[in-house]
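The residues making up each chain are set out below.
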Amino acid sequence: MKKIIGLVAAAIIAIAIYTQITIFVVPPIGAVPEGRTVIMLRLNKTNFIDSADAMCERIQGGVS
C-alpha cells in the first residue's frame, strides 16, 4: 500500500513539474560563450525543454 501511495505521489509531482516548469537552453553565443541552462516557470508559449531559437522557429517560422 505504501508503494502505491509513493508511486501516485511521484506521478503527481512529475506531472506538476512537467506542466509548470521549462528547462530553457541558451546556446553558446557572443554574450554567453559557454551557454547556459535555466530552469524557470513555464510561460504561455514555452515547451518543457525550449530555447530562443526553437521559440522563434515555432512563432515566426524561422530564425534570423
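For the structure itself, consult the block above.
On a predicted model such as this, the values are computed, not experimentally measured, just so you know.

What about the overall build of the chain?
Argument step 1. When its secondary structure is counted, the chain shows 2 helices and 3 strands.
Argument step 2. Secondary structure elements of the chain, listed N to C terminal, follow the sequence α-β-β-β-α.
Argument step 3. The C-alpha atoms of the chain give 16 Å as radius of gyration, which overshoots the globular expectation for 64 residues (11 Å, by more than 25%).
Argument step 4. Projected onto its principal axes, the C-alpha coordinates of the chain cover approximately 55 × 25 × 15 Å.
Argument step 5. Residue burial in the chain is summarised as follows: out of 64 residues, 11% are buried.
Argument step 6. Taking as baseline every contact in the chain between residues at least 6 positions apart, the subset at least 24 positions apart corresponds to 32%.

Here we look at the pattern of salt bridges
Any two side chains of opposite charge can pair, on the condition that their charged atoms come close.
Argument step 1. Inspection of every chain in the model, using the stated rule, returns 2 salt bridges.
Argument step 2. For R36, the salt bridge is made with E34, and the minimal N-O distance between the two is 3.1 Å.
Argument step 3. The exposure class of R36 is partly exposed, given its relative accessible area of 47%.
Argument step 4. Ionic pairing is found between D50 and R58, a salt bridge with its closest N-O pair at 2.7 Å.

Section: the side chain of T46
Argument step 1. Take T46: it is sitting in the loop between β2 (36–41) and β3 (49–51).
Argument step 2. We classify T46 as buried; its relative accessible area is 5%.
Argument step 3. For T46, the side chain forms a polar contact with the side chain of T22, separated by 3.1 Å.
Argument step 4. Within polar-contact distance, the side chain of T46 engages the backbone nitrogen of L43 at 3.1 Å.
Argument step 5. Apart from residues no more than four positions distant in its own chain, T46 is found in contact with T22, M40, M55 and R58.

Rules of the game
Residues numbered from 1 in each chain as written. Predicted model: local features only at pLDDT ≥ 70, side-chain atom pairs only at ≥ 80, totals over all residues. Heavy atoms only, no water. Helix = DSSP H or I, 4+ residues; strand = E, 2+ residues; numbered from the N terminus. Rg over C-alpha atoms; globule rule 2.2 N^0.38 Å. Buried < 20%, exposed > 50% of the residue type's maximum accessible area, 1.4 Å probe, protein only. Contact = heavy atoms within 4.5 Å. Salt bridge = Lys/Arg side-chain N within 4 Å of Asp/Glu carboxyl O. Polar contact = N/O pair within 3.5 Å; in protein donor to acceptor, adjacent residues only side chain to side chain.

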